[in-house]
Amino acid sequence: MSRAALALSDVACLRGGRILFRGVNLTLDAGASALLTGPNGVGKSSLLRLCAGLLPAFSGTMERHGAVALADERLTLDSELSLARALHFWARLDRSAENAVAAALEAMALTRLSDVPVRMLSTGQRKRAMLARVIASGAPIWLLDEPGNGLDSASLDLLGSAVSAHLAGGGIVVTASHQPLPLGAPVVLSLADHLPDPAEWDA
Amino acid sequence: MRMLWLLASRDLGTAWRSSGLWLPVAFLLLVASLYPFAVGPDLGLLRRTGGGMVWIAALLASLLPVDRLIAPDRDAGVLDQMALRGIGDEMVVLARLIAHWLGFGPPLMIATLPAAALLKLDGGTIWMLEAGLLIGTPALAALGLLVATLTAGLRSSGALAGLLALPLAVPLLIFGAGTLGDGSGAALKFLAAASLLLVAITPFAGGAAIRAGRE
């Protein structure tokens, strides 16, 4: 695996005819993490989608080396399947190792629930299942949108150790959150500092 | 190829679990059993018009699953997750086209046999009907899928999809039902041409529609 890297330079984001943020610079090398902060609606999720390549930058450039795994507010596991089978579908698409799903379930303490249909999972379990999907993908760049929502303190510790293991293995983690998370020492990017001038709102 | 198989088998599994595969079959059989009640038990009339009736039923049956072909996966983020894995939207639509046809074409062709018995169709007509459906159902599947990708982000997309698809399906209906009374095989060739065209453009047009709808 070549070294993962993510670089944003002078990025602005336009959504619904309105500039959300502009002038965002971020350079992350293997083993680095970033924490996006800011009030609701400031564009944290949009920046993550932009990093994932799902949203074009209005101006500026985004460069990315390495595959990316995104955990947003949507679980994206087939609700009728058992948890393990639903995770296996994505793992097969990602060509992950044979035991990647089992290891990811283990890391999120979900092994006991692997035969339970996804629709029966609780809120916190769904969030952990989503993180297991990210872990099983084997992608070097993780984009996590509010990963701590709905997690109890034991699960937050699981998240913290999964993230630090990923960073130690040369991965990159970008997290959007407004609650403190055990994420090591991330680069903090406050999107509130990148609001456009009021005159630009109608751009 | 492996990717295509993975995507198509998931789509087929989803359709099977939502028991959507029975809907077109049940619809066709229902229409075929109601039709003789409506026009009366006149054997000659049933035999003359029954084949066309099957084509209308097949066309309408193809529109039944349209609102759950694309929209649920779009809302659940499945299409986004595929895009960020570098899977082209065209590939996603092609896999879905294969799965949609497999889940709808062959069952409809099988259901045509009891329907033909209900309508007292003769052997030659049944053969022409099955051949026409074999060639025409991929086009019906492609048309339904294309309309589903176009309307995925909209409210009341189901009704809109029907309105969009029906005018486009008129040539298929003309050529499809035309094969029954036509000994030269020309209608079958026109049907094949229309089918080929729809199947060929659907992955690209549908992929573009999904990309344009991504926000």
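Provided above is the structure to which this section pertains.
Attention here is on the structure that accompanies the text.

The rules we used
- Residues numbered from 1 in each chain as written.
- Chains lettered and ligands numbered in written order.
- Predicted model: local features only at pLDDT ≥ 70, side-chain atom pairs only at ≥ 80, totals over all residues.
- Heavy atoms only, no water.
- Helix = DSSP H or I, 4+ residues; strand = E, 2+ residues; numbered from the N terminus.
- Rg over C-alpha atoms; globule rule 2.2 N^0.38 Å.
- Buried < 20%, exposed > 50% of the residue type's maximum accessible area, 1.4 Å probe, protein only.
- Contact = heavy atoms within 4.5 Å.
- Areas by Shrake-Rupley, 256 points an atom, 1.4 Å probe, with all protein chains shown as cover.
- Lys, Arg positive; Asp, Glu negative; His and termini not counted.
- Charge placed at Lys NZ, Arg CZ, Asp CG, Glu CD.
- Pairing = 2+ DSSP bridges.
- Axes fitted to C-alpha atoms, helices over the stretch in contact; angles between N-to-C directions.
- Core = buried A, V, L, I, M, F, W, Y, C linked by side-chain atoms within 4.5 Å.
- Patch = residues over 30% accessible without salt bridge, like charges linked within 9 Å, V, L, I, M, F, W, Y side chains within 5 Å.
- Salt bridge = Lys/Arg side-chain N within 4 Å of Asp/Glu carboxyl O.
- Buried area = accessible area lost by both parts, 1.4 Å probe.
- Polar contact = N/O pair within 3.5 Å; in protein donor to acceptor, adjacent residues only side chain to side chain.
- Nonpolar A, V, L, I, M, F, W, Y, C, P; charged D, E, K, R; others polar.
- Disulfide = S-S within 2.5 Å.
- Parallel < 35°, antiparallel > 145°, perpendicular 65-115°, else oblique.
- Left-handed = near helix turned anticlockwise from the far one by under 90°.

1. Details of the overall build of chain A
Okay, step 1: Along chain A, the regular secondary structure elements total five helices and eight strands.
Okay, step 2: Ordered by position in the sequence, the α and β elements of chain A form the string β-β-β-α-β-β-α-α-α-β-α-β-β.
Okay, step 3: The C-alpha atoms of chain A give a radius of gyration of 17 Å, which matches the 17 Å a tight globule of 203 residues would have.
Okay, step 4: Along the three orthogonal principal directions, the C-alpha set of chain A runs to about 55 × 35 × 30 Å.
Okay, step 5: Expressed as a percentage of the 203 residues in chain A, the buried residues total 52%.
Okay, step 6: The contacts of chain A with a sequence gap of at least 6 include a subset with a gap of at least 24, amounting to 71%.
Okay, step 7: Just so you have it, chain A exposes about 9,000 Å², and 52% of that area is on carbon and sulfur atoms.
Okay, step 8: Positive and negative side-chain charges of chain A, numbering 17 and 19 respectively, have mean locations separated by a distance of 6 Å.

2. Description of the sheet that holds strand 5 (residues 68–71) of chain A
Residue and element names in this part refer to chain A.
Okay, step 1: What the five strands build is an open sheet, ordered 5-6-7-3-8; its pairing is parallel. This sheet does not close on itself; its edge strands, each paired only once, are strand 5 and strand 8 (187–190). Neighbouring strand axes in the sheet, compared pairwise and without regard to direction, differ in orientation by 15° on average.
Okay, step 2: In the sheet, strand 3 (residues 33–37) pairs with strand 8 via four bridges, with the strands oriented parallel. Of the residues in strand 8, the one forming a bridge with Leu-36 is Leu-189.
Okay, step 3: Each of strand 5 and strand 6 (141–145) touches helix 4 (residues 123–137); the most contacted strand, strand 5, lies at about 175° to it.

3. What to know about the nonpolar core
Okay, step 1: With 97 residues, the main nonpolar core has A:Leu77, A:Leu83 and A:Leu144 as its most contacted residues.
Okay, step 2: Considering each element in turn, this core owes the most residues, 10 residues, to helix 8 (residues 123–151) of chain B.
Okay, step 3: In contact with A:Leu144, other than residues within four places in its own chain, are A:Leu48, A:Ala71, A:Leu131, A:Val134, A:Leu159, A:Val163, A:Val173, A:Val174, A:Thr175 and A:Ala176.
Okay, step 4: Counting residues in each nonpolar core, the second largest holds 30 residues, with A:Leu20, A:Leu28, A:Cys51 and A:Leu54 among its members.

4. Focus on helix 2 (residues 83–93) of chain A
Note on helix geometry: an α-helix contains 3.6 residues per turn, so any two residues three or four positions apart are oriented the same way.
All names here are of chain A.
Okay, step 1: Of all 11 residues making up helix 2, eight are buried, and the element is well covered by its neighbours.
Okay, step 2: Every buried residue belonging to helix 2 is among Leu-83, Ala-84, Ala-86, Leu-87, Phe-89, Trp-90, Ala-91 and Leu-93, and all of these are buried.
Okay, step 3: Downstream of helix 2 by a residue or two, Arg-95 has a phi angle that is positive, lying close to 55°.

5. Some words on a positive patch on the surface
Okay, step 1: A cluster of like positive charges, contributed by A:Arg85, A:Arg92, A:Arg95, B:Arg2 and B:Arg17, occupies part of the molecular surface.
Okay, step 2: Elements represented by at least two residues in the positive patch include exactly helix 2 of chain A together with helix 1 (2–17) of chain B.
Okay, step 3: Along the chain, A:Arg95 turns up in the loop between helix 2 and helix 3 (100–107).
Okay, step 4: With relative accessibility at 59%, the residue A:Arg95 sits in the exposed group.

6. Considerations on the interface of chain B and chain A
Okay, step 1: Listed as interface residues are 21 residues of chain B and, on the opposing side, 21 residues of chain A.
Okay, step 2: Carbon and sulfur atoms supply 57% of the area buried between chain B and chain A, which totals about 1,900 Å² over both sides.
Okay, step 3: The interface formed by chain B and chain A contains four salt bridges.
Okay, step 4: On inspection of chain B and its partner chain A, the count reaches seven residue pairs in polar contact (both at pLDDT 80 or more).
Okay, step 5: The leading source of residues in the side of chain B that touches chain A is helix 1 of chain B, at seven residues.
Okay, step 6: Here the side of chain B that touches chain A is built from residues that sort into nine nonpolar, three polar and nine charged.

7. Quick notes on the state of the cysteines
Residues and elements named next belong to chain A.
Okay, step 1: Inspection of the entire model under this criterion finds zero disulfides over all chains.
Okay, step 2: Cysteine Cys-51 is unpaired, with the sulfur of Cys-13 as its nearest cysteine sulfur at 10 Å.
Okay, step 3: Judged by relative accessible area, which is 1%, Cys-51 ranks as buried.

8. A short note on the environment of A:Ala52
Okay, step 1: Looking at the element boundaries, A:Ala52 is found in helix 1 (residues 44–52).
Okay, step 2: Classification of A:Ala52 by relative accessible area gives buried; the value is 4%.
Okay, step 3: Sequence separation between A:Ala52 and A:Ile141 is 89 residues; the distance between their C-alpha atoms is 9.2 Å.
Okay, step 4: Those residues in contact with A:Ala52 that sit more than four places away from it in its chain are A:Arg64, A:Val68, A:Leu143 and B:Leu84.

9. Quick look at the side chain of A:Asp72
All names here are of chain A.
Okay, step 1: Along the chain, Asp-72 turns up in the loop between strand 5 and helix 2.
Okay, step 2: Assessed through its relative accessible area of 7%, Asp-72 is described here as buried.
Okay, step 3: Polar contacts involving the side chain of Asp-72 include one to the main-chain amide nitrogen of Arg-74, which spans 3.1 Å.
Okay, step 4: If we ignore the near neighbours within four places in the chain, the residues touching Asp-72 are Arg-49, Lys-127, Met-130 and Asp-145.

10. Re the packing of helix 1 of chain B against helix 6 (residues 89–102) of chain B
Residue and element names in this part refer to chain B.
Okay, step 1: For the pair helix 1 and helix 6, the least separation of the axes is 8 Å and the interaxial angle reads 50°. As judged from the angle between their axes, helix 1 and helix 6 are oblique. As helix 1 runs across helix 6, the sense of the crossing is right-handed. Across from Met-3, Leu-4, Leu-7, Ala-8, Arg-10, Asp-11 and Leu-12 in helix 1, the residues of helix 6 making contact are Met-91, Val-92, Leu-94, Ala-95, Arg-96, Ile-98, Ala-99 and Leu-102.
Okay, step 2: A class-by-class count of the residues in the contact of helix 1 with helix 6 yields 12 nonpolar, no polar and three charged.

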